[in-house]
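# What the coordinates show
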Amino acid sequence: MDGKAREDAAIKSRDQLIILGLKLESDCNVGETLRLLNQLLGQQDASWIRERLDDITDNYHRLSDFYLQGYEDPQRQQFYKLLAAQLDGIIRDLILEDLKVEYPYLKYLNPQRQIPSVDDMRQQLESYVTDMAMASLSALNRSNDNLTDIHKRHANNLRSFFNLTVASPQWRHEYAVSFEKLLLSPAIDSADAQLMVSAVTLACLLVADAEKILTLIHVFQKSQDERVKQRAFVGWVFALSNGRYQLYDSVRQAVKEVLSDDSVKSALLDMQIQMVYCHYAERDNDELRKNIMPNIIKNQDWQMMNMGSTSSDESSLEEILHPDEADKRMESLEKSINKMNDMRKQGMDIYFGGFSQMKRFSFFNQLYNWLIPYTPTHPDLTMLPEELRNSGFLDKLFKEGPFCDSDKYSFSIALSSVYQRLPPEVRKVLLSGEVSLNMPDDNEEAWRHSAYIRRMYLQDLYRFFKLCDQRHPFFNAFGYAHPIMFFTKDMISTEMRQQLPALISFLLKKKLWDSLQSVVECFATSHEKEPDCQGDEVAKSLKLASAALCMHDSDFVSAADYLKELSKMDPDNESLLRQYSLAAFKSGRFENASEIYKTLTQRYPQKMSYALGLAISLIYCGKADEAVSVLYKLDYEHPEDTEVQRTLAWGLLWIDRAEEAQKLYKSLCSSKEALPDDSLNAAYCYWFQGQRKQAREMLRKYIGLSKLEKDESAASFLLKKFHNDRDIFLHYGIDDTAQKVMADIG
């Protein structure tokens with residue numbers, strides 16, 4: 001069988017195994033799954049898995065025999081589920097082997113289906129810490145060559161441990177416990193523990209593994225190192241989004257326990273929001289590239305001119321001709337910089353666009369280098385000039401600048417490639433340590449904060465999943481059209497109801513309709529089953545989200561129903577009443593809309609928009625006389641407001657005062673605020689007074705101001721407009737034939 005045929009066979013086998021795993025999870029039928037799995041293995045060489053499979057088969061037959069012989073075992077159900085979980089582990093290991101055929105570099109990571117020896121890892125990682133401590137004590141007697149050897153040996157060990165872990169088969173409980181102890185050990189370097197946590201995370205994103213995810217959860221709960229802790233946090237949340245864990249009560253219990261802590265729930269909400277910002281990094285960078293950076297560059301060029309780059313005569317002449325130009329340019333520059341910093345503070349990944357161009361260095365050919373914490377002593381940074389490495393410049397720059405580890409490596413490599421070509425005076429400034437990013441709102445305390453650490457790590461993962469050539473076999477939480485909602489995932493959703501209002505508020509503010517839809521679909525039905533939930537904040541938020549989604553989809557009837565319920569829950573909420581009035585109006589419930597607007601007008605008499613809404617609603621529910629009275633009062637109070645005049649003219653048409661309406665529309669058509677519809681309504685005024693030629697001329701003017709669809713005729717366009725205003729035509733007795741004749745303007 002050639003390579004392509006093997007790959008096709010592996011893909012087919014993997015798909016069948018995935019289906020079998022889903023069926024096992026759904027039915028939990030060990031006997032049937034054993035038969036189907038043996039059929040599937042058929043002609044395959046599965047000797048490496050046969051012993052485990054035979055053990056499960058023997059234990060299943062033993063359980064069956066005991067039951068048939070009449071023995072009652074109180075542990076039978078628990079033992080049966082354990083067999084199902086073990087069988088699921090075999091299926092997952094078979095999936096991993098098929099992935100290694102489809103993606104050969106996975107075979108390179110772990111050729112022999114190995115699980116790295118925890119004892120070996122502990123010995124090597126602890127030895128590195130000891131060697132470095134000894135080196136620092138005898139720095140004068142130890143050459144740089146010896147230090148380089150230590151770093152190289154350590155990097156080779158780390159790479160091997162990382163690769164073996166990423167592509168490791170399912171873990172046994174005892175092994176997971178020992179691995180967890182290693183990650184929590186204070187005797188190994190924090191950066192090493194962080195990297196190995198990332199290795200376990202990638203392993204879970206390659207093929208789900210209950211013991212690996214439990215390791216991540218326990219490290220998150222127990223670690224005293226905030227950087228290790230936050231990597232583990234991101235790891236188990238991502239892993240839950242990938243895997244099937246319904247057969248594993250231990251995972252469900254662990255998630256329930258960890259999410260019983262309100263601070264963890266708040267952190268998970270924060271992570272969900274950070275994920276949204278990561279997801280839209282490319283869009284945000286387009287905004288920077290098109291609308292912010294050009295202004296910064298333009299005004300920085302001007303600033304350099306005023307610092308002496310051009311002749312003083314030119315600067316003096318500019319000051320005479322445009323004395324306020326300097327202040328305007330400085331203000332514009334400050335606004336652009338502040339906007340960029342505001343985006344960064346919100347959590348937006350503003351550096352992705354620039355650094356994404358720096359991920360083709362050979363450094364990133366190694367998988368582990370995408371997620372390794374930054375250290376200037378990394379052996380793959382040997383090209384970094386020694387004077388730059390020892391100057392403290394990079395250390396200061398990276399402390400002041402919010403760069404993720406991946407971008408720090410990119411910057412270091414890029415700088416090393418141009419450093420020798422920089423003018424001597426520039427190199428001198430760099431080495432002096434006087435360069436600053438001038439970000440006063442950032443400080444060392446902020447860098448140590450859990451949210452900041454988590455955000456930087458998410459950005460590392462985002463770069464990996466967007467740019468790494470080896471990313472494809474791993475579950476990609478950033479690979480969807482819309483941000484993944486952790487809140488909707490099994491085992492998480494049941495614990496996060498009280499955080500929903502904050503998440504829904506954020507999604508509404510950002511107008512992320514698809515994400516909002518997934519949240520509502522997940523929580524709405526299940527929440528309604530909860531006792532005494534109808535009046536709580538979660539219920540209100542879900543109804544508000546449902547109403548907003550209906551408004552977005554132009555389902556105004558349903559939106560009005562939701563908002564009616566909400567207004568009963570919170571009758572004094574102005575925002576709810578305003579939205580309810582709009583939904584009622586758009587759904588054709590004009591009487592209802594007028595009642596709500598009347599309430600709003602009484603409560604907020606200073607807000608003209610409510611009075612205007614009341615008048616329009618009254619017109620459409622057949623109370624144009626009452627509407628005109630309201631509008632005359634508004635026109636008296638706001639004589640220059642064209643919206644009031646426009647609405648008053650429409651109201652006058654409805655009470656058969658077309659001549660007065662015509663005068664108002666004539667004034668509107670000649671104003672700076674004129675709208676195309678003013679010409680259409682002016683045509684109606686002529687038409688309803690019997691001045692049909694003048695009406696047709698106004699219709700021609702209206703067509704000239706309007707945007708027609710491609711290949712749409714003027715007559716067709718006008719007839720659609722007439723249909724929209726059919727009630728006013730009925731009022732004046734203008735039949736369909738007359739409308740067709742008038743629309744045929746040639």
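Time to look at the overall build of the chain. What the chain contains, in helices and strands, is 38 helices and zero strands. A total of 746 residues make up the chain; the buried ones form 48% of that total. Across the chain, contacts joining residues at least 24 apart in sequence account for 70% of those joining residues at least 6 apart. Carbon and sulfur atoms make up 50% of the accessible area of the chain, which totals about 37500 Å².

Among the structural elements, E25 can be located in helix α1 (residues 3–27). Buried charge E25 goes without a salt bridge, the closest partner of opposite sign being R244 at 4.0 Å. In contact with E25, not counting residues within four places along its chain, are R244, Y245, Q246 and L247.

The subject of this paragraph is the side chain of R92. Locating R92 in the fold gives a position in helix α4 (residues 76–102). Judged by its relative accessible area of 2%, R92 is buried. Beyond its immediate sequence surroundings of up to four residues, R92 is in contact with Q170, V207, A208, D209, R244, Y245 and Y248.

What follows is about the nonpolar core. If you look at the biggest cluster of nonpolar residues, it comprises 150 residues, and the most contacted ones within it are L37, W236, F238, Y245 and V251. Formed by 67 residues, the second largest nonpolar core is a distinct cluster that contains I596, I619, A624 and L652.

Orientation of helix α36 (residues 714–724) relative to helix α38 (residues 736–743), taken along the N-to-C sense of each, is 140°, at an axis distance of 9 Å. Looking at the two axes, α36 sits oblique to α38. Crossing handedness for the pair α36 and α38: right-handed. Together, A715, L718, L719 and F722 of α36 and Q739, K740 and A743 of α38 make up the contact between the two elements.

Turning our attention to unusual backbone geometry. The backbone of K511 sits at a positive phi, close to 55°, despite the residue not being glycine. Residue position: K511 is located in the loop between α24 (500–510) and α25 (513–528). Judged by relative accessible area, which is 58%, K511 ranks as exposed. The backbone of D711 sits at a positive phi, close to 70°, despite the residue not being glycine.

Once that is clear, we can look at the environment of S127. Examined against the element boundaries, S127 turns out to sit in helix α6 (residues 118–137). On a C-alpha basis, the gap between S127 and I188 in space is 8.5 Å, while along the polypeptide they are 61 residues apart.

This paragraph deals with the state of the cysteines. Taken as a whole, this structure holds zero disulfides when the rule is applied. Between C278, a free cysteine, and C404, which holds the nearest cysteine sulfur, the sulfur-to-sulfur gap is 9.2 Å. The class of C278 is buried, set by a relative accessible area of 1%. No disulfide involves C669; its sulfur sits 9.3 Å from the nearest other cysteine sulfur, which is in C685. Under the relative-accessibility criterion, C669 is labelled buried at 16%.

Another point: the packing of helix α11 (residues 226–242) against helix α13 (residues 262–279). Contact geometry for α11 and α13: axes closest at 12 Å, N-to-C directions at 75°. The orientation of α11 relative to α13 falls into the category roughly perpendicular. Here F233, V234, V237 and F238 of α11 come into contact with α13, specifically with V264, A267, L268, M271 and M275. In terms of residue class, the contact of α11 with α13 is built from nine nonpolar, no polar and no charged.

What follows covers the pattern of salt bridges. Counted under the stated rule, the structure contains 35 salt bridges. The closest approach of N and O atoms between E637 and K633, which form a salt bridge, is 2.7 Å. Here the residue E637 and the residue K633 both occupy positions in helix α31 (residues 624–637), the gap between them amounting to four residues, near one helical turn. Three or more residues joined by partner-sharing salt bridges are found here, namely K23, D27 and E32.

Taken as a whole and assessed by the stated rule, the structure comprises 40 aromatic pairs. Here the aromatic rings of F688 and F729 are separated by 5.8 Å at their centres, their planes lie at 90°, and the arrangement is edge-to-face. Of this pair, F688 sits in helix α34 (residues 676–688) while F729 sits in helix α37 (residues 726–732); the two residues are 41 residues apart in sequence, bridging distant segments of the chain. Of the two residues, F688 and F729, both sit in the buried class. Stacked on the ring of Y245, the Lys or Arg R92 has its end atom at 5.6 Å from the ring centre. Against the face of F220 rests K229, its NZ or CZ located 4.8 Å from the ring centre.

An α-helix turns once per 3.6 residues; consequently, residues spaced three or four apart project the same way. Taking 1.5 Å per residue, 13 residues should reach 18 Å; helix α30 (residues 608–620) reaches 19 Å between its end C-alpha atoms and fits that length. Inspection of α30 places Y610, A611, L612, G613, L614, A615, S617, L618 and I619 among the buried residues, and these make up the whole buried set. G622 lies just past α30 and shows a positive phi near 80°.

End to end, α1 covers 36 Å across 25 residues, agreeing with the expected 36 Å (1.5 Å per residue, within 8%). Within α1, the full set of buried residues consists of A10, S13, R14, L17, L20, G21, L24 and E25. Close packing links the buried residues of α1 with α2 (30–41) and α4. Two residues or fewer past α1, C28 is found with a positive phi of approximately 50°.

Right, let's get into the confidence of the model for the chain. On average, residues of the chain score 87 in pLDDT, and 86% of them reach the 70 mark or higher. Here helix α15 (residues 312–321) stands out as the least confident element of the chain, with mean pLDDT 49; helix α8 (residues 173–184) is the most confident, with 98. This model gives residues 300–312 a pLDDT under 50, and the stretch forms 11 contacts once residues within four places in sequence are excluded.

A few words now on a negative patch on the surface. Judged by side-chain charge, E51, D54, D55 and D58 come together as a negatively charged surface patch. Note on placement: D58 falls in helix α3 (residues 47–68). Judged by relative accessible area, which is 42%, D58 ranks as partly exposed.

What follows covers the environment of L719. As for its position among the elements, L719 is in helix α36. Separated by 20 residues in the primary sequence, L719 and Q739 have C-alpha atoms spaced 7.2 Å apart. Excluding anything up to four places from it in sequence, L719 contacts Q739, K740 and A743.

What counts and how
Residues numbered from 1 in each chain as written. Predicted model: local features only at pLDDT ≥ 70, side-chain atom pairs only at ≥ 80, totals over all residues. Heavy atoms only, no water. Helix = DSSP H or I, 4+ residues; strand = E, 2+ residues; numbered from the N terminus. Buried < 20%, exposed > 50% of the residue type's maximum accessible area, 1.4 Å probe, protein only. Contact = heavy atoms within 4.5 Å. Areas by Shrake-Rupley, 256 points an atom, 1.4 Å probe, with all protein chains shown as cover. Lys, Arg positive; Asp, Glu negative; His and termini not counted. Salt bridge = Lys/Arg side-chain N within 4 Å of Asp/Glu carboxyl O. Core = buried A, V, L, I, M, F, W, Y, C linked by side-chain atoms within 4.5 Å. Axes fitted to C-alpha atoms, helices over the stretch in contact; angles between N-to-C directions. Parallel < 35°, antiparallel > 145°, perpendicular 65-115°, else oblique. Left-handed = near helix turned anticlockwise from the far one by under 90°. Disulfide = S-S within 2.5 Å. Nonpolar A, V, L, I, M, F, W, Y, C, P; charged D, E, K, R; others polar. Phe/Tyr/Trp six-rings, centres within 6.5 Å; stacked < 30°, edge-to-face > 60°. Lys NZ or Arg CZ within 6 Å of the ring centre and 35° of its normal. Expected span 1.5 Å × (residues − 1). pLDDT = per-residue confidence, 0-100. Patch = residues over 30% accessible without salt bridge, like charges linked within 9 Å, V, L, I, M, F, W, Y side chains within 5 Å. Charge placed at Lys NZ, Arg CZ, Asp CG, Glu CD.

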